[in-house]
Amino acid sequence: MSENSRALKLAEANQKLAHKRRNAKEKWGIVLDTSKCIDCKACTVACKMENYVPVGFYNYRIWVAEDTHYANYPTISRSFQPSQCQQCENPPCVHVCPTHASYKTADGVVMVDADKCILCKYCMTACPYDARYESHSTEAIDKCTFCYQRRDEGRDPACVETCPPKVRVFGDLNDPNSEVYRLLAENEYTVLKPGKGTKPKLKYIK
Ligand code: SF4
Ligand code: SF4
Ligand code: SF4
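Throughout, residues of each chain are indexed from 1 in the direction in which the sequence is written. The lettering of chains begins at A and the numbering of ligands begins at 1, in the order of writing. Reporting of local features is limited, given that this is a predicted model, to residues whose pLDDT is at least 70; pairs of side-chain atoms are given and counted only at 80 or more, and all residues count toward the totals for whole chains, interfaces and linings. Only hydrogens and water are removed before side-chain values are computed, so all heavy atoms of the structure are retained for them.

### Considering the side chain of Arg132
And then number 1: By the element assignment, Arg132 lies in the loop between α4 (122–126) and β6 (133–135).
And then number 2: Only protein chains enter the calculation, and the probe is 1.4 Å; a residue is then buried if its accessible area is under 20% of its type maximum, exposed if over 50%, and partly exposed in between. Residues scored as charged are limited to Lys and Arg (positive) and Asp and Glu (negative), so that His and the chain ends carry no count. Whenever a carboxyl oxygen of Asp or Glu lies within 4 Å of a side-chain nitrogen of Lys or Arg, that contact is scored as a salt bridge. The side chain of Arg132 sits in the buried core without any salt bridge; Asp142 is the nearest counter-charge, 8.9 Å away.
And then number 3: Of note is the side chain of Arg132, whose polar atom sits 3.0 Å from the side chain of Ser102.
And then number 4: In contact with Arg132, not counting residues within four places along its chain, are Cys93, Ser102, Val110, Val112, Cys123, Met124, Ile141, Asp142 and Lys143. Secondary structure is summarised from DSSP: a helix means a run of H or I of at least four residues, a strand means a run of E of at least two, and numbering begins at the N terminus for each. Polar contacts, as counted here, are pairs of nitrogen or oxygen atoms within 3.5 Å of one another; within protein the pair requires one atom able to donate a hydrogen and one able to accept it, and residues that are adjacent in sequence qualify only if both atoms are side-chain atoms. Should any heavy atoms of two residues lie within 4.5 Å, those residues are considered in contact.

Shown next, in the form of structure tokens:
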């Protein structure tokens, strides 16, 4: 089977799973401790492999940006900011989509139904985080789904599972017994571009 066919099959399977989970009560999110990130980019490779993201610099669901770079010999320090779709509670990409191809699942994951996407790219313009790309595999806009195909199996997204220093923790933000809930209760954290009013479900520990 070609990579394009695999990507299409995955997109279709995720639409079906979202329908099956239409009464789900979870609110999935990720808590990140970026101070642990060593810029190995294993997360970006795992994401591409898991989700059949086409090769090429401009095809990506997640990325790792250099956050700060300090050098005053002999002291050198660098820090990194891994990121992806913020799975906004108030997602402008969904609000602007004229065909409802972009939508939010019951458990709060923003997805794209490739069958309904007309590639108008309004959503790409509306997203303040540059989290979407045009997939030549699905001939639609594509983005992070928190590896939705793993939801029924209870597995973490590929980026979470593969990270050697465990920068990301994935879980249900509604569940007081979850690791993400505990981390947010015990740490100060921030979200990216809070002034945009998007209410991201990726939380960055300060
Ligand atoms: S796998 Fe983890 S440590 Fe490596 S770049 Fe990604 S977030 Fe950073
Ligand atoms: S980060 Fe961008 S693509 Fe993701 S939900 Fe928010 S607006 Fe939409
Ligand atoms: S490109 Fe597709 S997903 Fe984006 S706004 Fe247009 S129809 Fe909706």
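### So, the site of ligand 1
And then number 1: A cutoff of 4 Å decides nearness: a residue is near a molecule or strand if any of its heavy atoms lies inside that distance of it. Around ligand 1 sit 14 residues in total, of which Cys37, Cys40, Lys41, Cys43 and Cys163 are the nearest.
And then number 2: Gly is placed with the polar residues, together with every amino acid not listed as nonpolar (Ala, Val, Leu, Ile, Met, Phe, Trp, Tyr, Cys and Pro) or charged (Asp, Glu, Lys and Arg). Among the residues making up the shell around ligand 1, the classes are represented as eleven nonpolar, no polar and three charged.

### Regarding the environment of Ala46
And then number 1: Considering the arrangement of structural elements, one finds Ala46 in helix α2 (residues 42–51).
And then number 2: Note: C-alpha distance between Ala46 and Asp152 (106 residues apart in sequence) is 19 Å.
And then number 3: Setting aside residues no more than four positions away along its own chain, Ala46 makes contact with Ala158 and Thr162.

### Looking at the packing of aromatic side chains
And then number 1: What counts as a ring pair is set by centres within 6.5 Å for rings of Phe, Tyr and Trp (its six-membered ring), and what kind of pair is set by the plane angle: stacked under 30 degrees, edge-to-face over 60, tilted for all other angles. Taken as a whole and judged by the stated rule, the model has four aromatic pairs.
And then number 2: For the pair Trp28 and Phe170, a centre-to-centre distance of 5.2 Å together with 15 degrees between the ring planes defines the contact as stacked. One end of the pair, Trp28, is in strand β1 (residues 28–32); the other, Phe170, is in strand β8 (residues 168–172), and 142 residues separate them in sequence.
And then number 3: The exposure class of Trp28 is buried, given its relative accessible area of 12%.
And then number 4: When the ring of Phe146 is compared with that of Phe170, the centres are 5.3 Å apart and the planes differ by 80 degrees; the resulting orientation is edge-to-face. Residue Phe146 is located in the loop between β7 (140–142) and α5 (158–162), and its partner Phe170 is located in strand β8; the two are separated by 24 residues in the primary sequence.
And then number 5: Only lysine NZ and arginine CZ atoms are considered, and such an atom sits over a ring when it is within 6 Å of the ring centre and within 35 degrees of the ring normal. In this arrangement the basic side chain of Arg151 is found over the ring face of Trp28, its NZ or CZ atom lying 5.2 Å from the centre.

### Some details on the pattern of salt bridges
And then number 1: Applying the stated criterion across every chain, the model contains 17 salt bridges.
And then number 2: A salt bridge links Lys20 to Asp152; its shortest N-O distance comes to 2.5 Å. Of the two residues, Lys20 is situated in helix α1 (residues 3–20) and Asp152 in the loop between β7 and α5; the sequence distance between them amounts to 132 residues.
And then number 3: With relative accessibility at 60%, the residue Lys20 sits in the exposed group.
And then number 4: The salt bridge partner of Arg150 is Glu161, with a shortest N-O separation of 3.2 Å. Highlighted residues: Arg150 in the loop between β7 and α5 and Glu161 in helix α5, separated in sequence by eleven residues.

Any link to function would need more than the numbers given here.
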